Amino acid sequence: MESRDILILAIESSCDETAAAVVRNGREVLSNVIASQIVLHTQFGGVVPEIASRKHIEKINQVITSALAKAQVSLDDITAVGVTYGPGLVGALLVGVAEAKAIAYGAQKPLVGVHHIEGHVAANFLKKDSLDHRPDLEPPFVCLIVSGGHTHLVVVKDYGAFEIIGRTRDDAAGEAFDKVARAVGLGYPGGPKVDQAARKGNPHAIEFPRAKVEGSPYDFSFSGLKSAVLNYINHAKMAGDKISVPDLAASFQNAVVEALVSRAVQAAKEYGYDKLAIAGGVASNSALRAAMAKACQENGVEFYYPEPIFCTDNAAMIGAAAYYEYKKGTRHGWDLNAVPDLKLGER
């Protein structure tokens, strides 16, 4: 049993953020450095994998050096190196995995591979500002994971132990945001732009469908909603009607939020959990946070959420997840490889 602090140097490069962080004992962020590529990919309307990989190669040494410096530690102080090895873009993942293996080998430190979605869940374990007086989140609890590539509803039975009880059957929630934003000319990234536009609109101006998956009460489907929005836009253009982008954004967002909140709260109640957390890039959406907080309060469920900086891809969340994997004895060898389609719960 280790009595000294456990310091994880964490690396994240699964998509278009090159990130490194130092996390102490799975909860305290000593540094969290992110080199974003959003401006670079905006001109293409989405992430170009080959460009993302090349940019990771350019930036990864810089962000790691910066993370160590900001944490005021050296590699000698580090207990283990944690890295995202899936899921994600294979070329992007390979950059982070190769870097983590090289550092761990050279510094003679244990290597801990982390599932990207496990990292998003672990973002809820990171300490928040002093204004948040809730106790630290501990398993078990229900977690709604919503991002550009994933929409999962899971029971977090223990650190790193998950039971998936619901998932999207088609588009992820964040993917639907991106496609709708592109269709109305808001651009990339869609989530924040739709959220911003929706604040000026009426969420009940347009009645969009709320899809239910027959026989699977906790599964999601957003392709029908996305198609309904695109049809609305096309019909308005053909009729020569002016489209209110704020009203459309607010109405679309309201339909997504309602589907997410209703299923998550229902799952927490039916499975008998009094703690519900959200994670992933869409977890920073202001309407989702407000609706989830209200629904949880009305149903006697404690609501947890990460700070916005820990919702989007970052290395601090990977450091938190790596800490609990390290404590469980998880170690990876020098043959660790990128697994772009890694499933939650797989090793």
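Scroll up to find the structure.
Heads up: these notes are all about the structure in this document. (Residues numbered from 1 in each chain as written. Predicted model: local features only at pLDDT ≥ 70, side-chain atom pairs only at ≥ 80, totals over all residues. Heavy atoms only, no water.)

**Let's talk about the overall build of the chain**
Piece 1. Each helix and strand in the chain was counted, giving ten helices and ten strands.
Piece 2. Counting only C-alpha atoms and orienting by the principal axes, one finds that the chain spans roughly 65 × 45 × 40 Å.
Piece 3. Counting contacts in the chain only where the partners sit at least 6 residues apart, residues at least 24 apart contribute 74% of the total.
Piece 4. In the form shown here, the chain has an accessible surface area of approximately 15,000 Å², with 51% of it arising from carbon and sulfur atoms.
Piece 5. Each charge sign in the chain was given a centre, from 35 positive and 39 negative side chains, and these centres are 2 Å apart. (Helix = DSSP H or I, 4+ residues; strand = E, 2+ residues; numbered from the N terminus. Contact = heavy atoms within 4.5 Å. Areas by Shrake-Rupley, 256 points an atom, 1.4 Å probe, with all protein chains shown as cover. Lys, Arg positive; Asp, Glu negative; His and termini not counted. Charge placed at Lys NZ, Arg CZ, Asp CG, Glu CD.)

**Notes on the packing of helix H8 (residues 245-271) against helix H9 (residues 286-298)**
Piece 1. Where H8 contacts H9, the axes come no closer than 10 Å and their chain directions differ by 35 degrees. H9 is crossed by H8, and the crossing has right-handed handedness. Contacts from Gln 253, Val 257, Leu 260, Val 261, Ala 264 and Val 265 of H8 reach H9 at Ala 287, Leu 288, Ala 291, Met 292, Ala 295 and Cys 296.
Piece 2. Tallied by class, residues from the contact of H8 with H9 come to eleven nonpolar, one polar and no charged. (Axes fitted to C-alpha atoms, helices over the stretch in contact; angles between N-to-C directions. Left-handed = near helix turned anticlockwise from the far one by under 90°. Nonpolar A, V, L, I, M, F, W, Y, C, P; charged D, E, K, R; others polar.)

**Let's talk about the pattern of salt bridges**
Piece 1. One pass over the full model with this rule turns up 14 salt bridges.
Piece 2. The shortest N-O distance in the salt bridge between Lys 179 and Glu 175 comes to 3.0 Å. Taken together, the residues span about one helical turn, with Lys 179 and Glu 175 both in helix H5 (residues 173-183) at a distance of four residues.
Piece 3. The exposure class of Glu 175 is partly exposed, given its relative accessible area of 26%.
Piece 4. Measuring nitrogen to oxygen at the nearest pair gives 3.5 Å for the salt bridge that ties Asp 195 to Arg 199.
Piece 5. With relative accessibility at 6%, the residue Asp 195 sits in the buried group.
Piece 6. Residue Arg 199 is classed as exposed on the basis of its relative accessible area of 59%.
Piece 7. Through salt bridges with shared partners, a single network forms among Asp 171, Glu 175, Lys 179 and Lys 226. (Salt bridge = Lys/Arg side-chain N within 4 Å of Asp/Glu carboxyl O. Buried < 20%, exposed > 50% of the residue type's maximum accessible area, 1.4 Å probe, protein only.)

**Section: the nonpolar core**
Piece 1. Core analysis: the biggest nonpolar cluster contains 49 residues, and Leu 144, Leu 153, Phe 208, Phe 222, Phe 252 and Met 292 have the highest contact counts within it.
Piece 2. If you list the elements that add at least two residues to this core, you get strand S6 (141-146), strand S7 (151-158), H5, helix H6 (190-198), helix H7 (223-239), H8, strand S9 (275-279) and H9.
Piece 3. Broken down by element, the residue count for this core peaks at 14 residues, all from H8.
Piece 4. Excluding residues within four positions of it along the chain, Phe 208 makes contact with Leu 225, Ala 228, Val 229, Tyr 232, Leu 248, Ser 251, Phe 252 and Ala 255.
Piece 5. By size, the runner-up hydrophobic cluster in this structure holds 38 residues, among which are Ala 80, Ile 145, Val 156 and Ala 277. (Core = buried A, V, L, I, M, F, W, Y, C linked by side-chain atoms within 4.5 Å.)

**Points about the sheet that holds strand S1 (residues 7-12)**
Piece 1. Taken in spatial order, the five strands make up an open sheet running S3-S2-S1-S4-S5, and their pairing is mixed. Strand pairing shows two members of the sheet lacking a second neighbour, strand S3 (28-36) and strand S5 (111-115), which therefore form its edges. For this sheet the average axis-to-axis angle between neighbouring strands, irrespective of direction, equals 20 degrees.
Piece 2. Judged from the five bridges that link them, strand S4 (residues 80-86) and S5 form a sheet pairing that is parallel. Across the sheet, Val 81 pairs through a bridge with Leu 111, a residue of S5.
Piece 3. Together, S1, S4 and S5 form the strand contacts of helix H3 (residues 90-107), whose direction differs from that of S4 by roughly 160 degrees.
Piece 4. Sheet strands touched by helix H10 (residues 316-328): S1, strand S2 (17-24), S3, S4 and S5. Its angle to S1, the strand with the most contacts, is close to 130 degrees. (Pairing = 2+ DSSP bridges.)

**A closer look at the sheet that holds strand S10 (residues 302-304)**
Either a parallel or an antiparallel arrangement is found when strands of a sheet pair, and the pairing is made through backbone hydrogen bonds.
Piece 1. Strand order in the open sheet made by the five strands is S8-S7-S6-S9-S10, with mixed pairing throughout. Two strands bound the open sheet, and with one partner strand each, they are strand S8 (161-167) and S10. Taking each pair of neighbouring strands and ignoring which way they run, the sheet shows an average axis angle of 25 degrees.
Piece 2. Direction of pairing for S9 relative to S10: parallel, over a ladder of three bridges. Counted as the bridge partner of Leu 276 is Phe 303 from S10.

**Brief notes about the side chain of Asp 171**
Piece 1. One can find Asp 171 in the loop between S8 and H5.
Piece 2. Using a relative accessible area of 8% as the deciding quantity, one classes Asp 171 as buried.
Piece 3. Reaching out from Asp 171, the side chain makes a polar contact with the side chain of Lys 226 at a distance of 3.1 Å.
Piece 4. Not counting chain neighbours up to four residues away, the residues in contact with Asp 171 comprise Lys 179, Phe 222, Ser 223 and Lys 226. (Polar contact = N/O pair within 3.5 Å; in protein donor to acceptor, adjacent residues only side chain to side chain.)

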